[in-house]
Amino acid sequence: MKVLLTGSSRGIGKAIKDSLLINSHQVVGTSRSPIKDSTNNKYQHIACDLSKPEDVVKLKELFEAEEIPEILINNAGMFKDADFTISDKEWLDNWDKTMQVNLRSTALLCKWAINAWKERGIEGRIINISSRAGQRGDTQEYASYAASKAGMIGLTKSIARSFGKDGITAYSIAPGFVDTDMARESIEVYGAEYLTQGLFLDTIAPTEEFANLVLFLAEGKLKHATGQTFHVNSGSYLP
């Protein structure tokens, strides 16, 4: 199985990459900066800044090659504050960049993958890493992030409804706070209590739990859950 995984260099993405490789799958990973991983010949890395449309277009070639990814995992994302009190220009710059990284690039990759799969008769799978914020909302300074992640969930459901008869399935995973660099940055700003408030377990989720779930979905073991959103947030949001 060949997988395209965005944001593979750290956090949830790295855990997913490691899990896929351990289970003998081929992985094409992306991040903004080039990295070297010579320890596994099943891994290929592409430097791609999803905030730049000209970089995103380079990934289209993957779905035009002789051997194309059968699984698409849209994991890369940005999470940057923009208070409602800042200038309109600053606020919209944040909004547009967040949408480009989190939603527009995701949508294009899904479009390219689906068209390629349909043309070749491949029963592909899409896994979009959304967020708890995409369903319950976030604080006002992260409104662009919450809106972009809500868009990912809507996109996923639309794909599931439209292309299931072609054998194509799509899923969303909605993390709360996860034990990653991003969470540790939030701790520096808000303090540790902010991350754990409202949890019904005594810790925030480890990246390995997401890797386990992604592997299960990627291997086609839950086909009839297509379109669903899987919430992994220590009980902090229960839809």
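That block above? That's the structure.
What you are looking at is a predicted structure, and each value in this text was computed from that prediction instead of being measured. (Residues numbered from 1 in each chain as written. Predicted model: local features only at pLDDT ≥ 70, side-chain atom pairs only at ≥ 80, totals over all residues. Heavy atoms only, no water.)

Asker: Could you clarify how one ought to interpret the overall build of the protein chain in this entry?
Answerer: In terms of regular secondary structure, the protein chain is built from 8 helices and 7 strands. Taken along its principal axes, the extent of the C-alpha atoms in the protein chain is 50 × 40 × 40 Å. Burial analysis of the protein chain (239 residues in total) assigns 48% to the buried set. Long-range contacts, defined here as pairs at least 24 residues apart, represent 70% of the contacts in the protein chain between residues at least 6 apart. As presented, the protein chain carries roughly 12,000 Å² of accessible surface, and 49% of it is formed by carbon and sulfur atoms. (Helix = DSSP H or I, 4+ residues; strand = E, 2+ residues; numbered from the N terminus. Buried < 20%, exposed > 50% of the residue type's maximum accessible area, 1.4 Å probe, protein only. Contact = heavy atoms within 4.5 Å. Areas by Shrake-Rupley, 256 points an atom, 1.4 Å probe, with all protein chains shown as cover.)

Asker: Would you explain the packing of aromatic side chains in this entry?
Answerer: How two aromatic rings sit relative to each other is given by the distance of their centres and the angle of their planes. The tally for this structure, following the rule as stated, stands at 5 aromatic pairs. Judged by centre distance (6.4 Å) and plane angle (50°), the ring pair of Tyr 171 and Phe 230 falls under tilted. Here Phe 230 lies in strand 7 (residues 229-232) and Tyr 171 lies in strand 6 (residues 169-175), a separation of 59 residues in the sequence. Of the two residues, Tyr 171 and Phe 230, both sit in the buried class. Three or more aromatic residues joined by ring pairs make a cluster, and in this case those are Phe 79, Tyr 142 and Tyr 145. For the cation-ring pair, Lys 17 lies above Tyr 43, with the distance from its terminal atom to the ring centre recorded as 4.8 Å. (Phe/Tyr/Trp six-rings, centres within 6.5 Å; stacked < 30°, edge-to-face > 60°. Lys NZ or Arg CZ within 6 Å of the ring centre and 35° of its normal.)

Asker: For this particular structure, what's the right way to read the pairing of strand 1 (residues 2-6)?
Answerer: Along strand 1, 5 of the 5 residues are buried, which leaves the element largely enclosed by surrounding structure. Of the two faces of strand 1, the one holding Lys 2, Leu 4 and Thr 6 and the one holding Val 3 and Leu 5 are both buried throughout. Note that strand 1 and strand 2 (residues 26-31) share 5 bridges and pair parallel. Among the inter-strand pairings, Leu 4 is bridged to a residue of strand 2, identified as Val 28. Note on the crossover from strand 1 through helix 1 (residues 11-22) to strand 2: the handedness is right-handed. Here strand 1 runs beside strand 4 (residues 71-74); their pairing, made up of 3 bridges, is parallel. Considered in strand 4, the bridge of Leu 4 is made with Leu 72. (Pairing = 2+ DSSP bridges. Right-handed = clockwise from strand over helix to strand, strands pointing away.)

Asker: Help me understand unusual backbone geometry, please; the structure alone is not making it clear to me.
Answerer: One can expect most non-glycine residues to show negative phi and most peptide bonds to be in trans. The residue Ser 24 is not glycine, and still its phi comes out positive at about 70°. Looking at the element boundaries, Ser 24 is found in the loop between helix 1 and strand 2. Of note, Ser 234 is a non-glycine position whose phi angle comes to about 60°, a positive value. Assignment of secondary structure puts Ser 234 in the segment after strand 7. We classify Ser 234 as buried; its relative accessible area is 12%.

Asker: Is there a simple way to think about the pattern of salt bridges in this case?
Answerer: Think of it this way: side chains of opposite charge can pair up when their charged atoms draw near. Evaluated as defined, the whole model comprises 5 salt bridges. Residue Lys 89 pairs with Asp 93 through a salt bridge whose shortest N-O separation is 2.8 Å. Residue Lys 89 and its partner Asp 93 are located together in helix 3 (residues 88-120), separated by 4 residues, close to a single helical turn. Overall, Asp 93 belongs to the partly exposed group, its relative accessible area being 40%. (Salt bridge = Lys/Arg side-chain N within 4 Å of Asp/Glu carboxyl O.)

Asker: What's the story with the sheet that holds strand 1 in this structure? I'm lost.
Answerer: Pairing between the strands of a sheet comes from backbone hydrogen bonds, and it takes one of two forms, parallel or antiparallel. Spatially, the 7 strands line up as an open sheet ordered 3-2-1-4-5-6-7, and their pairing is parallel. The outermost strands of the open sheet, each flanked by one partner alone, are strand 3 (43-47) and strand 7. Strand-to-strand, the axes of this sheet are offset by a mean angle of 15°, without reference to chain direction. Those strands touched by helix 3 are strand 1, strand 4 and strand 5 (125-129), and its axis lies near 175° from that of strand 4. Sitting on the sheet, helix 5 (residues 143-163) is in contact with strand 4, strand 5, strand 6 and strand 7, with an inclination near 155° to strand 6. (Axes fitted to C-alpha atoms, helices over the stretch in contact; angles between N-to-C directions.)

Read these as spatial facts, not as claims about activity.
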